[in-house]
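# Observations on the three-dimensional arrangement
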Amino acid sequence: MTARTTAAPARFTPRTALGASLLLVALALPLVLPLFQVTLLTNVLIFSVVVVGLVLLTGVIGLTSFGQAAFMGVGGYATAILSTRYGWSPWLGLLAGLTLTGLVAWALGLLTLRMQGHYLPLATIAWGISLYYVFGNTPALGGFTGITDIPPVRLLVWELTSPRQYAYLALAALLLVLWLAGHLLSSRVGRAMRALRGGPVVAEAFGVNNFRLKVEVFVLSALAAALAGWLYAHSQRFVNPTPFGINAGIEYLFMGVVGGIQYLLGAVFGAALITQLREVLQDFLPRLIGAQGNFEVIFFGVLVILTLQFARRGLWPLVERLLPQDRLRILPPGPAFPERPKPAPGTPLLSVQNAVKQFGGLRAVDDVSFELRAGEILGLIGPNGAGKSTMFNLITGVNPATSGQITFAGQDISRAGAGTIHRLGLSRTFQHVHLLPELTLLENTMMGGYARGRAGMVQSMLHLERAEEAALQHEALRQLQRVGLGAQAFDLAGNLALGQQRILEVARALVADPTLLLLDEPAAGLRYGEKQELSALLKRLRDEGVTILIVEHDMDLVMNLVDRLVVMNYGQKLAQGSPAEIRENQGVREAYLGVDMTEPQEQPGHNPPGQEQRAGGAA
Ligand SMILES: Nc1ncnc2c1ncn2[C@@H]1O[C@H](COP(=O)(O)OP(=O)(O)OP(=O)(O)O)[C@@H](O)[C@H]1O
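Treat the numbers as computed from the prediction; the structure is a model and nothing was measured. (Residues numbered from 1 in each chain as written. Predicted model: local features only at pLDDT ≥ 70, side-chain atom pairs only at ≥ 80, totals over all residues.)

### Regarding helix 11 (residues 264–289)
Selection criterion: The numbering of helices and of strands both runs from the N terminus, where a helix is a DSSP run of H or I of at least 4 residues and a strand a run of E of at least 2. The span you would expect from a helix comes to 1.5 Å times its residue count less one. We define the bend at each residue as the angle formed by axes fitted to the 7 residues ending at it and the 7 residues starting at it. Three exposure classes are used, all based on how many other C-beta atoms lie within 10 Å of a residue's own C-beta (placed from the backbone): buried at 20 or more, exposed at 12 or fewer, and partly exposed between those limits. Residues are treated as contacting if the C-beta atoms built from their backbones sit within 7 Å of each other.
Over its 26 residues, helix 11 extends 36 Å from the first C-alpha to the last, a length consistent with the 38 Å expected when each residue adds 1.5 Å. At leucine 281, helix 11 is bent by approximately 35°, the largest bend along its length. Among all positions in helix 11, only Leu264, Leu265, Gly266, Ala267, Val268, Phe269, Gly270, Ala271 and Ile274 are buried. Against helix 2 (35–60), helix 6 (163–185), helix 10 (246–259), helix 12 (295–310) and helix 13 (316–320) lie the buried residues of helix 11.

This is the structure:
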């Protein structure tokens, strides 16, 4: 895909009008506010740049960092040293600061981003503290006294010495960062970033290289902090370690959490709120209490706890709810993605030979062999603990097999990663649905086509990937139509009932143009009618030539759907054959003691209450 589509003409929506009005207000503020307030405004704009970086890192991909202020320090000190000691232009100082911060962040990211759970936040605290003491204890950096007489930034012929002029530079920097981050989030890479929050298995199943993406976002958020550090250094014309210490790092996180850590504008809102509040409280609280002290910090602590308790997503979503919303813009159709060649019906597609998976002393999969041919629906069934999910994980690359061989599309995938297997043409759904409830059905479906695109982070931030995005949009729309969800393409996935969520996952898997579709217990938790719909869809897909492997508990659904079955019990293959053969198999009957294998297990109107679930909790 090389040709570029022309972007759809920009629309002047109520939201655009609101944005333009706010921009006009922002442009007027440095002219009309008293000088003291202008300095405060500049600080808000600078802090917002740091918090936007935190939105990407913490809010979107879920990695908590207390160390952003330290990266700000690297950017600030780099320009301070180069401009005061070596006479470099501040613009070269910016370039050097960004480069140095990028390298430091990249090295720290490689070292720490494989850490799970609370180890990463602890590591960010560790380097936050270390860098603070590096700044304070290095005589060449001025020790704790810092570096003074930093020259002002020169813009063409203007030297930005007045706070009013400088506010415009900070505003331009923030707008640039918001523009880039907004583009990133509405791109292929942005959707992959959001998928990372669903857990490593989810993003990898779409072909995302999780670790690489985490490192890239980490570096990006550090670069935002470095830009803020540069702005800060030339606005104050002086640096010392205090604004780059761990306390400041915690405060940026506060701003994000209170404002809304998942929202770009939440970053600005939080930075403005906390900075303004600090000013007011620093003045008001000592007078109220009758003693001097940093009482505002106590107030912020309480504010964060209350926000986490009563508005977990921060305050911005409460504002956002009142604002006009824009519908996702559909780009004009361009060249479509090339289709993957499909094997002729009946040719062996997946072959499992003597697969073994050992967990300590337990053989969860014990010498299992079977084959799947193109064009068929194969069911993998068995009682609880039989080893079906483990087998599913071996095929999808979530876990490697201990021994044995699995080949797919002619390639040995026994030890391949999930992303590699996906790129060979295998797409999957999840036993517990993994959707992004705050995104539309269309955007969720587009996630499935990640591996068909190529655009990286820089292209995405500049929106130079619109041709690819257009192809993805139109392919996702086509697949939504195919599964019967076309009319709801612009609804939020969080509003769907569980049955539709599972169908949406099928559409998402189809966007990858797979040769094999793997469904992990797709009927779990569905009502009778929903199961019927799902079954009808899967039969239709089979008729269209899609090959399906389904792991399922629901005997009624499976028996009426599949061409062949493989039955597992205690990790071993118990039987294989057509549904009719399996029904008559004595061993299977014994393994399924008590389950009626001839009659449907559920009738319309006999559903257990409360089975209908919604995406908000499931994703
Ligand atoms: N990561 C693991 N570590 C240790 N044991 C495991 C692991 N995963 C699965 N097992 C064990 O392997 C056996 C097979 O589990 P598996 O989940 O594959 O069965 P299943 O047929 O999918 O069961 P269910 O239908 O209840 O999901 C079980 O005894 C389970 O406890």
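More follows now that the structure is in view.
### Some details on the UniProt feature "transmembrane region" (unreviewed entry) in the protein
Rules: UniProt positions are given in the numbering used here, feature names are shortened, and annotations may be inferred rather than shown by experiment.
The UniProt entry lists residues 44–63, 94–112, 166–185, 215–233, 253–274 and 295–311 under the feature "transmembrane region" (unreviewed entry), expressed in the numbering used here. Within the segment residues 166–185, helix and strand shares are 100% and 0% respectively, and the terminal C-alpha atoms sit 29 Å apart. Structurally, residues 295–311 comprises 94% helix and 0% strand, and the distance from its first C-alpha atom to its last is 23 Å.

### Brief notes about the sheet that holds strand 4 (residues 362–373)
The pairing of strands in a sheet comes from backbone hydrogen bonds and takes either a parallel or an antiparallel form. Spelled out, the test is: Between any two strands, at least two bridges found by DSSP are needed for them to pair. Working convention: axes come from line fits to C-alpha atoms, limited for helices to the stretch in contact. Angles between N-to-C directions cover 0 to 180 degrees.
Read from one edge to the other, the open sheet built from 4 strands follows the order 4-3-6-7, with strand pairing classed as antiparallel. A single partner strand is all that each edge strand has here, and the edge strands are strand 4 and strand 7 (411–412). In this structure, strand 3 (residues 348–359) lies alongside strand 6 (residues 403–408), joined through 5 bridges in antiparallel fashion. Bridge pairing links valine 352 to isoleucine 406 in strand 6. Each of strand 3, strand 4 and strand 6 is contacted by helix 14 (residues 388–396), which is oriented at about 60° to strand 4, the strand it contacts most.

### Here's the deal with the site of the ligand
For clarity, the threshold we go by: We call a residue near a molecule or strand when the C-beta position, derived from backbone atoms, sits within 6 Å of it. Under the scheme applied here, ten amino acids are nonpolar (Ala, Val, Leu, Ile, Met, Phe, Trp, Tyr, Cys and Pro), four are charged (Asp, Glu, Lys and Arg), and all others, including Gly, are polar.
The full set of residues close to the ligand is Phe359, Leu362, Ala364, Gly382, Asn384, Gly385, Ala386, Gly387, Lys388, Ser389 and Thr390. Among the secondary structure elements, those contributing two or more residues to the shell around the ligand are strand 4 and helix 14. In terms of residue count, the dominant contributor to the shell around the ligand is helix 14 (3 residues). Partitioning the shell around the ligand into residue classes produces 4 nonpolar, 6 polar and 1 charged.

### So, the sheet that holds strand 11 (residues 564–569)
If you trace the 6 strands from one edge of the open sheet to the other, you get 8-9-10-5-11-12, paired in mixed fashion. The two strands at the open ends of the sheet, each matched to only one other strand, are strand 8 (426–428) and strand 12 (572–577). Strand-to-strand twist across the sheet, computed as the mean angle between neighbouring axes with direction ignored, equals 20°. Bridge count for strand 5 (residues 377–381) against strand 10 (residues 547–551) is 4 bridges, and the pairing is parallel. Of the residues in strand 10, the one forming a bridge with glycine 379 is isoleucine 550. On the sheet, helix 14 packs against strand 5, strand 8, strand 9 (516–520), strand 10 and strand 11 and is oriented at approximately 150° with respect to strand 9.

### Examining the packing of helix 6 against helix 9 (residues 210–236)
Stated formally: Angles below 35 degrees are treated as roughly parallel, those above 145 as roughly antiparallel, those between 65 and 115 as roughly perpendicular, and all remaining angles as oblique.
For the pair helix 6 and helix 9, interaxial distance at closest approach is 11 Å and the crossing angle is 175°. In this view, helix 6 runs roughly antiparallel relative to helix 9, as classed from their interaxial angle. Each of Tyr166, Ala170, Ala173 and Val177 in helix 6 lies in contact with helix 9, whose residues at this interface are Ala224, Leu227, Leu231 and Ser235. Residue composition of the contact of helix 6 with helix 9, by class: 7 nonpolar, 1 polar and no charged.

### Some words on unusual backbone geometry
A positive phi angle is found at aspartate 367, which is not glycine, with a value near 60°. Residue placement: aspartate 367 occurs in strand 4. Accessibility expressed as a C-beta count within 10 Å gives 14 for aspartate 367, which makes it partly exposed. Phi is positive for tyrosine 570, close to 50°, though the residue is something other than glycine. Its location among the elements puts tyrosine 570 in the loop between strand 11 and strand 12.

### Comments concerning the domain arrangement of the protein
The test is simple: Throughout the structure description, domain borders are defined by an automatic or database domain assignment.
Domain boundaries in the protein define domain 1 (39–320) and domain 2 (348–597). Computed over C-alpha atoms, the centres of domain 1 and domain 2 are 41 Å apart. Each side of the interface is counted separately: domain 1 has 22 residues, and domain 2 has 28 residues. Residue assignment for the side of domain 1 that touches domain 2 shows that the elements contributing at least two residues are helix 6, helix 7 (188–196), helix 8 (200–205) and helix 9. The dominant element in the side of domain 1 that touches domain 2, judged by the number of residues it contributes, is helix 7, at 7 residues. Of the residues assigned to the side of domain 1 that touches domain 2, the class counts are 11 nonpolar, 6 polar and 5 charged.

### Looking at the pairing of strand 5
Of all 5 residues in strand 5, 5 are buried; the element is thus mostly enclosed. Here strand 5 pairs with strand 11 via 4 bridges, running parallel. Counted as the bridge partner of leucine 380 is valine 566 from strand 11.

### With respect to the environment of proline 341
Mapped onto the fold, proline 341 is located in the loop between helix 13 and strand 3. Residue classification places proline 341 among the exposed residues on the basis of 8 C-beta atoms within 10 Å. Distance from proline 341 to phenylalanine 370, taken between C-alpha atoms, is 24 Å for residues 29 residues apart in sequence.

### Topic: the environment of leucine 394
Tracing the chain through its elements places leucine 394 in helix 14. Each C-alpha atom, one on leucine 394 and one on glycine 417, is 9.8 Å from the other, the two residues being 23 residues apart in sequence. Ignoring anything within four residues of it in the chain, the contact list for leucine 394 reads Ala355, Lys357, Val365, Asn399, Ala401 and Ile406.

### Considerations on the packing of helix 2 against helix 9
Contact geometry for helix 2 and helix 9: axes closest at 8 Å, N-to-C directions at 170°. Put simply, helix 2 runs roughly antiparallel to helix 9. Where helix 2 approaches helix 9, its residues Thr42, Ile46, Val49, Val50, Val52, Gly53, Leu54, Leu56 and Leu57 are matched on the opposing element by Val217, Phe218, Leu220, Ser221, Ala224, Ala225, Leu227, Ala228, Leu231, Tyr232 and Ser235. Tallied by class, the residues present in the contact of helix 2 with helix 9 amount to 16 nonpolar, 4 polar and no charged.

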